[in-house]
Every structure is written in structure tokens, then in C-alpha cells.
Amino acid sequence: MIRGRVSKIFLRGPGPLPRPHPVDVAESLEHDKRLDGVIQAMNLGLHRFLRPGKLKDALHGVQAGHPAHPPLTDLPLGCWMSVAVLDLLPGTQRASNILVATGLAGALPTALTGLADWSALHREQQRVGLVHALGTVTASGLYAASLLARSHGRTGSGKALGYAGLTTLLAGGYLGGHLAFRLAAGANHSESVTHLMPLGWHDLCSTGELPDGWPVHRRLGYISLFVLRSGEEVHVLADRCAHLGGPLHQGRVATNDEDQLCVICPWHGSTFRVADGAVVHGPATAPQPAFETRVTDDGMVQVRPIR
């Protein structure tokens, strides 16, 4: 006699299906190709406007070393949530008006930095990001209408429009959280090599394997590396781009304004200095992990992470 575990399977009977969880809605947006026409048109316009340079880098947050969009969202969100509380209290109309206006002023740079980041995302991320942006733009419009109503003495209508704006803003903010935490938009995608590699020098390859001036891909254990020989010097970076994990060894090598060698990621154009991995141009804001190198007497290239 064979004994085994018997599990019961419960089948759902007739009745209403459960409502979709918010994350199910967010995940369905990732695959909604109906959004692609609008995305393509927006990308075309943004890429004409956002040329590589200081303005684009500032919108991404390159100079700050951190994406600029997430912290800027705190201003309108904080102002408008405060308005929601003040509107429940008597004698706070003037303070509410000031906070609504301050939130609207903060919404403009928040939107500009968000559009810059959105323009350099994968298609699935852009689909979620588009609906996120529509939610926040709608919320801003509702708060603008709320401020107009308040300024004309229609306080009740102004409060109702404010609460509608906050509801829309929180729904859009949920999609922003999905974009950041589930789809890792804005996160550092380069491998944390200082934690993955033991201390000391490690043999990588012989110099004879490295063409001069042409990047190649090498592996050190399970870590992917970008390797570039330039004359007698060998530069090594983590290969996965910090922006969204693009393969740097497939990128283009160029020089910056200071005649320093750089590599341009083939996916979204992030540019890194090969000597130390510093960000030259965004959308990446985190530096690329870099390695110290040396060549032994027998021509073996050895590397260790810069700590």
C-alpha cells in the first residue's frame, strides 16, 4: 500500500470575482501596448528637447549624485497633504491657499525632472511611468482649480477639488512607487563589486588578449567586467551600467572636453570616465565601480576593486 499526502483543492463557486489588487493593475500597465503610441510621440519630442549637456544632467541629478526627481516630489506632496489636514480645521483658509500655491510651484520642477528620467527608461517602465505622470498632472490641475475656487471665495468647492486632487495624487504616487521599487527605475544597477570580491589582487587575462583602444568583456568569477587597453594602460570597470544595467563593453569609447577617455553606454547614453568610473553625462547618477589594475612581468593583468 502506497501512502502519500493528500491535499484538498477548493474550487471557487459562483459569485463575484475578487477585486484586483493595486499591484495587479500596475503590473497590467507594464504590458499594455495601447500606451505605446503616446510613448513614442513623447519620446520623439523629449529627445529633441533634452540634448546631452548640462541641462539634461541637472534634470537627471548627475551633479547631485542622486536622481533629482524623487526628493522633489516631497514638496508638492507634503504641501497638499498638509492642506488636507488644515481644511478640516476652522480659520485656516489663508494657510491652505499658501500651501496649495507652494505645491503648484514645486510641481513644475518635479514634472520636468520626472520627464527627463522617464525618457531614458525601458518600454515596460515607460508604460507605468506614463500613467503615473497622467495621475500627477491631473492632480496638479485639480489643485490649480482648487486655488482658483478658493481665491474667488468658493471655499467649499476649493476643498472638494483639493481632496479630489489628493486622491488622484496618491494613486499616481502608488504607480511611482511601483516604478521605483518593483521595476527599479532610478536604482543603481551596477554590481556592488566591493562586496562581491575578496580582498587582494586577482588575475584577469593577459595583455595579449586586449586589443588597443577597443573595449572587451571579461569575467572575474561571476562578475562581468568592461576592459579597455589604451597603450600601456589597462582600465577596468564593472560592465553593467549603473543606470539600467546596459553592457558597457558594447558601448562607444570617446574623449570628453578634458581629453579623458570615456565610455558611452549603448542603451541610454550614460557616459563614464574609464579611469575611475565617474559620471560625465547622465542619465546615470551613480559612478561605475572601478578597479585598480597592474600588469605583472609575464604580462598578466591583475585587478582589485577601488575601495
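None of the values given here were measured: they were computed from a predicted structure.

## Some thoughts on the overall build of the protein chain
No. 1: Helix and strand counts for the protein chain come out as nine helices and 10 strands.
No. 2: The C-alpha radius of gyration of the protein chain comes to 25 Å, more than 25% above the 19 Å expected for a compact globule of 307 residues.
No. 3: Overall, the protein chain is about 80 × 80 × 40 Å in size when its C-alpha atoms are taken along their principal axes.
No. 4: Looking at the protein chain as a whole, 41% of its 307 residues qualify as buried.
No. 5: Counting only contacts in the protein chain whose residues sit at least 6 apart along the sequence, the fraction spanning at least 24 positions is 59%.
No. 6: For the protein chain, the computed accessible surface area is about 17,300 Å², with 60% contributed by carbon and sulfur atoms.
No. 7: When the 27 basic and 24 acidic side-chain charges of the protein chain are each reduced to a single mean position, those positions are 15 Å apart.

## Here's the deal with the environment of Thr92
No. 1: Here Thr92 lies in the loop between helix H5 (74–86) and helix H6 (93–118).
No. 2: Not counting the four nearest positions on each side in its chain, Thr92 is found in contact with Leu86 and Asp87.

## Focus: unusual backbone geometry
No. 1: The step from Gly282 to Pro283 runs through a cis peptide bond, and the omega angle for that step is 20 degrees.
No. 2: Position of Pro283 relative to the elements: it lies in the loop between strand S8 (279–281) and strand S9 (290–295).
No. 3: Phi at Ala184 is positive, roughly 60 degrees, even though this residue is not glycine.
No. 4: The residue Ala184 is located in the loop between helix H8 (155–182) and helix H9 (193–196) in this model.
No. 5: Positioned with a positive phi, Asp259 is a non-glycine residue whose angle comes to about 60 degrees.
No. 6: Relative to the helices and strands, Asp259 resides in the loop between strand S5 (252–255) and strand S6 (261–264).
No. 7: Judged by relative accessible area, Asp259 falls into the exposed class, the value being 63%.

## Side note on H6
No. 1: Across its 26 residues, H6 extends 36 Å between first and last C-alpha, which sits within 8% of the 38 Å expected from 1.5 Å per residue.
No. 2: Every buried residue of H6 is accounted for by Ser96, Val100, Gly103, Gly106, Ala107, Thr110, Thr113, Gly114, Ala116, Asp117 and Trp118.
No. 3: Taken together, the buried residues of H6 touch helix H2 (36–49), helix H3 (54–60), helix H4 (69–72), H5 and helix H7 (123–151).

Calculation notes
Residues numbered from 1 in each chain as written. Predicted model: local features only at pLDDT ≥ 70, side-chain atom pairs only at ≥ 80, totals over all residues. Heavy atoms only, no water. Helix = DSSP H or I, 4+ residues; strand = E, 2+ residues; numbered from the N terminus. Rg over C-alpha atoms; globule rule 2.2 N^0.38 Å. Buried < 20%, exposed > 50% of the residue type's maximum accessible area, 1.4 Å probe, protein only. Contact = heavy atoms within 4.5 Å. Areas by Shrake-Rupley, 256 points an atom, 1.4 Å probe, with all protein chains shown as cover. Lys, Arg positive; Asp, Glu negative; His and termini not counted. Charge placed at Lys NZ, Arg CZ, Asp CG, Glu CD. Expected span 1.5 Å × (residues − 1).

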